[in-house]
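Structure at a glance
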Amino acid sequence: MSDLLEPAGPGANAHEFTVSELSGKIRRLIEGEFGHVRVRAEVGRVVLARSGHLYFDLKDDRAVLSAVSWKGQAARLAIRPEEGMEVIATGRMTAFAGQSKYQLVVEALELAGEGALMALLERRRKALAAEGLFAPERKKKLPWLPEVIGVVTSPSGAVIRDILHRLRDRFPRRVLIWPVAVQGKACAPEVARAIRGFNALAPGGAIPRPDLIIVARGGGSVEDLWGFNEEEVVRAAAESAVPLISAVGHETDTTLIDLAADMRAPTPTAAAELAVPVRTELLARVEEQGARLSRAMSREIGQRRQRLGDLSRALPRPATLLEGAAQRLDRAAERLGAALRATAQRKRLRLGELSAVLRSRAMHRRLAEARARLEERAARLQPALLSRDMARRGRELERQEARLSAAARLGLEQRRQKMEALARMLQGLGYTETLRRGYAVVRGDGRIVTGVEAARSARELEIEFADGRLPAGRAGGGGTGGAPSRRKGERGAGPDEGAQGRLF
Amino acid sequence: MSDRKISEMSFEEAMAELEAVVERLERGDVPLEESISLYERGAALKKRCEAKLKEAEEKVAAITLDAEGNPAGTREVTGF
């Protein structure tokens with residue numbers, strides 16, 4: 001209050017603000033002046049807060065401007081800011097009184113200039129390619145004749161008309177149109193949703209699942225087509241289980257969905273041509289196959305008829321077939337007996353050989369058995385026992401032998417002595433000694449004659465003297481039986497009788 | 001030879017088998033009995049192909065979406 005009473009200095013009559021007043025005024029000023037601005041800048045640091053708000057710096061070589069995109073807006077931005085990106089940001093300026101700061105609240109963000117856009121596209125392409133989203137092995141074969149075709153495009157305009165016309169010309173099909181925005185912020189999410197939505201339909205359901213999807217859009221600037229470069233669209237196309245043809249822009253425009261699609265068509269019309277074959281051509285093909293079928297069949301039958309005719313002409317008479325066989329039978333019958341005999345002979349021979357082998361084998365076996373038995377018994381023999389016994393008996397034998405020879409010698413000597421004594425006695429007692437003394441021995445017919453009667457009956461008489469024998473003829477022829485005996489007696493009977501008497 | 005019912009075949013399947021049948025028959029190394037049944041099958045396949053081609057019919061519908069953007073039904077589209 002006292003301030004008001006102060007003497008007025010230079011400018012002392014100027015209004016004095018509170019900080020809040022001034023800050024509020026500045027804020028109104030900024031927001032009024034810059035309620036809608038477009039700023040071309042390079043994106044600096046980017047921070048996505050947990051709250052979902054997106055904070056980033058916009059800068060050039062000399063200044064930095066803070067920018068924010070609130071949660072709801074951030075999701076709707078055509079592009080997501082990345083550091084180094086050249087952008088044009090559209091929004092309104094606002095001041096933040098609490099910190100004496102001002103910032104741009106971004107409502108739209110677009111890439112500045114073609115070069116920058118292309119650089120971004122290239123970066124994204126490389127990243128997605130590195131993930132394998134464009135790999136050739138991911139590509140699915142298009143159905144040869146789809147029953148239902150799903151078209152993702154704007155429901156009005158030339159594109160859908162071109163597709164339907166060309167389909168009608170070639171092969172009228174059932175077509176399901178999934179309407180989408182084909183440019184602008186809504187484009188990418190709607191296209192992605194449409195692709196996934198078609199895939200989620202049940203085959204043959206109330207809304208049948210298509211056999212083929214065409215994603216189509218007419219020509220436009222790079223910015224117009226930008227939705228088809230967005231990652232969510234590219235991923236949806238790559239993940240689609242239903243084969244997908246992309247036909248976005250003109251032939252010279254290549255978007256990332258073209259790389260992820262199973263087939264890229266240069267135009268929507270071309271997409272329809274890739275989608276279905278030409279019905280009339282197919283009809284012609286079916287007709288042609290039918291004609292070939294009939295031709296082949298009649299040729300089959302014709303050829304067989306021809307061959308049947310040829311063969312039946314070539315058939316020989318039945319008799320000629322039999323002749324050869326009959327002849328062979330005869331020849332075989334002739335040879336049969338001889339062959340049988342020869343065979344029997346051969347077998348008999350063989351039997352002989354075999355039985356010889358068999359016998360000798362049996363012998364060998366028995367021999368071996370006997371040998372084995374012999375060896376076994378020989379092993380059981382104990383020669384030591386035997387030789388001990390033999391030695392004992394040998395000694396006994398020697399003893400007995402010695403005894404025998406001693407006894408023999410003794411006996412022999414005794415006998416010899418006895419014999420000598422007897423011989424001497426015999427010498428003394430023998431009639432021959434008597435003969436020397438004048439006696440004689442008369443023999444008749446070889447026998448000693450001791451009487452007349454015997455002498456008379458003997459046919460021949462012999463007288464033995466000491467020095468020899470003298471024949472004396474027949475005693476009976478003399479007639480005087482007494483005389484010879486006397487004579488004998490005279491000559492020899494005395495000593496003879498005496499010798500004999502001594503002898504007996 | 002496929003034992004599949006011809007009436008369940010798609011045009012492509014029927015056409016492929018028809019072509020195979022024609023080719024076999026044209027080679028002429030099939031026994032007569034078999035060639036007759038081949039011919040009969042070929043004729044049936046041809047009939048199936050023609051039927052599939054004749055039933056070709058244009059029907060265009062647009063998907064209608066509910067508030068969440070999910071398909072709710074279809075709407076006939078005419079006038080193209």
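Residues numbered from 1 in each chain as written. Chains lettered and ligands numbered in written order. Predicted model: local features only at pLDDT ≥ 70, side-chain atom pairs only at ≥ 80, totals over all residues. Heavy atoms only, no water.

**Focus: the overall build of chain B**
- Helix and strand counts for chain B stand at two helices and two strands.
- In chain B, buried positions account for 36% of the 80 residues.
- Taking all contacts inside chain B whose residues are at least 6 apart in sequence as the whole, residues at least 24 apart take part in 41%.
- Here chain B displays about 4700 Å² of accessible surface, and carbon together with sulfur accounts for 47% of that area. (Helix = DSSP H or I, 4+ residues; strand = E, 2+ residues; numbered from the N terminus. Buried < 20%, exposed > 50% of the residue type's maximum accessible area, 1.4 Å probe, protein only. Contact = heavy atoms within 4.5 Å. Areas by Shrake-Rupley, 256 points an atom, 1.4 Å probe, with all protein chains shown as cover.)

**Re the nonpolar core**
- Of all hydrophobic cores here, the largest spans 62 residues; its most connected members are L58, L104, V152, V191 and V215 of chain A.
- The greatest single-element share of this core, amounting to seven residues, is contributed by helix α5 (residues 187-200) of chain A.
- Three or more residues apiece are contributed to this core by two domains, here domain 1 (19-112) and domain 2 (146-276) of chain A.
- Counting residues in each nonpolar core, the second largest holds 46 residues, with A270 and A272 of chain A together with V22 and A56 of chain B among its members. (Core = buried A, V, L, I, M, F, W, Y, C linked by side-chain atoms within 4.5 Å. Domains from an automatic or database assignment.)

**Describing a nonpolar patch on the surface**
Residue and element names in this part refer to chain A.
- Judged by side-chain polarity, F17, L22 and I26 come together as a nonpolar surface patch covering roughly 250 Å² of accessible area.
- With respect to the secondary-structure elements, F17 resides in the segment before α1 (19-33).
- Judged by its relative accessible area of 39%, F17 falls in the partly exposed class. (Patch = residues over 30% accessible without salt bridge, like charges linked within 9 Å, V, L, I, M, F, W, Y side chains within 5 Å. Salt bridge = Lys/Arg side-chain N within 4 Å of Asp/Glu carboxyl O.)

**Focus on empty space enclosed by the protein**
All names here are of chain A.
- Under the definition given, this model contains two cavities of 30 Å³ or more.
- Its boundaries defined by the atoms lining it, the second largest cavity holds a volume of some 30 Å³.
- Around the second largest cavity sit L133, R138, K139, K140, A237, A238, A260 and D262, which together line it.
- Across the lining of the second largest cavity, the residue classes tally to four nonpolar, no polar and four charged. (1 Å grid on protein atoms, 1.4 Å probe; cavity = no way out; pocket = protein on both sides within 12 Å on 5 of 7 lines; lining within 4 Å. Points joined across faces, edges and corners; volume = space filled by probe spheres on them. Nonpolar A, V, L, I, M, F, W, Y, C, P; charged D, E, K, R; others polar.)

**Some details on the sheet that holds strand β2 (residues 54-59) of chain A**
Residue and element names in this part refer to chain A.
- With mixed pairing, five strands are arranged side by side around a closed barrel as β1-β2-β3-β5-β4. The average undirected angle you get between the axes of adjacent strands in this sheet is 50°.
- As paired elements, strand β3 (residues 64-69) and strand β5 (residues 101-111) share two bridges and run parallel to each other. Paired with A67 across the two strands is L104, which belongs to β5. (Pairing = 2+ DSSP bridges. Axes fitted to C-alpha atoms, helices over the stretch in contact; angles between N-to-C directions.)

**Remarks on the pairing of strand β6 (residues 148-153) of chain A**
Residues and elements named next belong to chain A.
- Across the six residues of β6, six count as buried, placing the element largely inside the fold.
- Residue alternation in β6 divides its side chains into two sets, V148, G150 and V152 and I149, V151 and T153, and both sets are buried.
- Relative to strand β7 (residues 174-179), β6 runs parallel, the two being bridged by six bridges. Pairing of V151 across the sheet is with I177, part of β7.
- With four bridges joining them, β6 and strand β8 (residues 212-217) adopt parallel strand pairing. In the strand pairing of β8, V151 is matched with I214.

**Let's talk about the packing of aromatic side chains**
- The full count for this structure, using the stated rule, is two aromatic pairs over all chains.
- Ring centres of W144 of chain A and F11 of chain B lie 5.5 Å apart, and the angle between their planes is 0°; this geometry places the pair in the stacked category. With W144 of chain A in the loop between α3 (114-130) and β6 and F11 of chain B in helix α1 (residues 11-27), this pair bridges two chains.
- For W144 of chain A, a relative accessible area of 26% corresponds to the partly exposed category.
- Note on F11 of chain B: relative accessible area 2%, which makes it buried.
- For the ring pair W178 of chain A and F198 of chain A, a centre distance of 5.2 Å and an interplane angle of 75° mean the geometry is edge-to-face. Placement of W178 of chain A in strand β7 and of F198 of chain A in helix α5 is noted, with a sequence separation of 20 residues between them. Across the pair, exposure class does not vary: W178 of chain A and F198 of chain A are buried alike. (Phe/Tyr/Trp six-rings, centres within 6.5 Å; stacked < 30°, edge-to-face > 60°.)

**Let's talk about the confidence of the model for chain A**
- Across chain A, pLDDT averages 85, with 91% of residues at or above 70.
- Predicted confidence for residues 477-504 of chain A stays below pLDDT 50, and this span has 37 contacts to residues more than four positions away or in other chains. (pLDDT = per-residue confidence, 0-100.)

**Quick look at the pairing of strand β2 (residues 71-76) of chain B**
Residues and elements named next belong to chain B.
- Bridge analysis of strand β1 (residues 59-65) against β2 gives five bridges, and the strand direction is antiparallel. Following the sheet pairing, T64 is matched in β2 by G73.
- Taken together, β1 and the strand that follows it, β2, pair antiparallel across an intervening segment of five residues, in which G69 is found at a positive phi of about 85°.

**Some points on the interface of chain A and chain B**
- In this assembly, 39 residues from chain A lie in contact with 41 residues from chain B.
- A per-residue breakdown of the area chain A buries against chain B is headed by V286, L293 and M297 of chain A, which together make up 17% of the total.
- Here chain A is connected to chain B by five salt bridges.
- Across the salt bridge formed by K46 of chain B and E287 of chain A, the nearest N and O atoms sit 3.8 Å from each other.
- If you look at where chain A meets chain B, you find 13 residue pairs in polar contact (both at pLDDT 80 or more).
- Those elements giving two or more residues to the side of chain A that touches chain B turn out to be α4 (158-170), β7, α5 and α9 (279-314) of chain A.
- Of all the elements, α9 of chain A adds the most residues to the side of chain A that touches chain B, at 16 residues. (Buried area = accessible area lost by both parts, 1.4 Å probe. Polar contact = N/O pair within 3.5 Å; in protein donor to acceptor, adjacent residues only side chain to side chain.)

**Things to note about the pattern of salt bridges**
- Counted under the stated rule, the structure contains 38 salt bridges over all chains.
- Measuring nitrogen to oxygen at the nearest pair gives 3.9 Å for the salt bridge that ties E86 of chain A to R40 of chain A. Here E86 of chain A is found in strand β4 (residues 86-96), whereas its partner R40 of chain A is found in strand β1 (residues 37-48), with 46 residues between them in sequence.
- On the basis of relative accessible area, R40 of chain A is assigned to the exposed category, the value being 54%.
- As a salt-bridge pair, D29 of chain B and R27 of chain B come within 3.6 Å of each other at their nearest N and O atoms. Neither D29 of chain B nor R27 of chain B differs from the other in exposure class; each is exposed.

**With respect to the packing of α5 of chain A against helix α6 (residues 231-239) of chain A**
All names here are of chain A.
- Closest axis-to-axis distance for the α5/α6 pair is 8 Å, and the angle between their directions is 15°. By the angle between their directions, the pair α5 and α6 is classed as roughly parallel. Between α5 and α6 the crossing geometry is left-handed. Contacts between α5 and α6 involve A188, P189, V191, A192, I195 and R196 on the former and, on the latter, E232, V233, R235, A236, A237 and E239.
- For the contact of α5 with α6, the per-class residue count stands at eight nonpolar, no polar and four charged. (Parallel < 35°, antiparallel > 145°, perpendicular 65-115°, else oblique. Left-handed = near helix turned anticlockwise from the far one by under 90°.)

**Details of the environment of L244 of chain A**
All names here are of chain A.
- Inspection of the secondary structure puts L244 in strand β9 (residues 244-248).
- Residue L244 is classed as buried on the basis of its relative accessible area, which comes to 0%.
- Put simply, L244 and I195 are 49 residues apart on the chain and 8.9 Å apart in space, counted from C-alpha to C-alpha.

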